[in-house]
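Survey of secondary and tertiary structure
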Amino acid sequence: IWRPITATFFFPVGPGTGFLYLVNLYFLYQYSSRLETGAFDGRPADYMFMLLFNWICIVLLMIPLIMSVLYVWAQLNRDMIVSFWFGTRFKACYLPWVILGFNYIIGGSYV
């Protein structure tokens, strides 16, 4: 039973990945709270079910869970203009792809 829990919170923090870890924690907090107070407002059980379902479907890892929360938020707010690092502005439907590219640049992998 400890395996799913440890796999979820495992992230190889080292000199090259510490910043990426902090950025991913920020994205998880920011977009998860937006989903919880927006699309799932007043329905905490539905939001918890979505998180649990995503967590089980994506092989119990942290980065895919963050990306799934971000993707759901981006699809529910497709036409919203979001701001990324250094003032770059674009539609929310492109945010998962921008994050994927950012993770590739910072971490060296798009997986």
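Residues numbered from 1 in each chain as written. Predicted model: local features only at pLDDT ≥ 70, side-chain atom pairs only at ≥ 80, totals over all residues. Heavy atoms only, no water.

1. Describing the overall build of the chain
- In terms of helices and strands, the chain carries five helices and two strands.
- Going from N to C terminus, the chain has its helices and strands arranged as α-α-α-α-β-β-α.
- Sequence separation of 24 or more characterises 48% of the internal contacts of the chain that already satisfy a separation of 6 or more.
- Summing over all exposed atoms, the chain offers an accessible surface of approximately 7,400 Å²; the carbon and sulfur share of this is 70%. (Helix = DSSP H or I, 4+ residues; strand = E, 2+ residues; numbered from the N terminus. Contact = heavy atoms within 4.5 Å. Areas by Shrake-Rupley, 256 points an atom, 1.4 Å probe, with all protein chains shown as cover.)

2. Re the environment of A74
- Along the chain, A74 falls in helix 4 (residues 62-76).
- Taking the relative accessible area as the measure of exposure, A74 reaches 0% and is therefore buried.
- Ignoring any residue separated from it by four or fewer positions in sequence, one finds A74 in contact with A92, C93 and P96. (Buried < 20%, exposed > 50% of the residue type's maximum accessible area, 1.4 Å probe, protein only.)

3. Let's talk about the confidence of the model for the chain
- Across the chain, pLDDT averages 75, with 73% of residues at or above 70.
- Across the chain, the element-wise mean pLDDT spans from 59 in helix 1 (residues 2-9) up to 87 in strand 2 (residues 89-91). (pLDDT = per-residue confidence, 0-100.)

4. Structural notes on the side chain of S32
- Its location among the elements puts S32 in helix 2 (residues 18-37).
- If near-sequence neighbours (up to four positions away) are discounted, S32 is found in contact with F27, Y47 and V69.

5. Considerations on a nonpolar patch on the surface
- A contiguous nonpolar surface patch, about 720 Å² in accessible area, is contributed by F19, W85, F86, Y104, I105 and I106.
- A per-element tally of the nonpolar patch places helix 5 (residues 95-107) first, with three residues.
- Among the secondary structure elements, F86 is positioned in the loop between strand 1 (81-83) and strand 2.
- With a relative accessible area of 86%, F86 lands in the exposed category. (Patch = residues over 30% accessible without salt bridge, like charges linked within 9 Å, V, L, I, M, F, W, Y side chains within 5 Å. Salt bridge = Lys/Arg side-chain N within 4 Å of Asp/Glu carboxyl O.)

6. Quick notes on the pattern of salt bridges
- Scanning all chains against the criterion turns up two salt bridges.
- A salt bridge links R43 to D46; its shortest N-O distance comes to 3.6 Å.
- Since its relative accessible area comes to 38%, R43 is described here as partly exposed.
- Put simply, D79 and K91 hold a salt bridge, and the shortest N to O gap is 3.9 Å.

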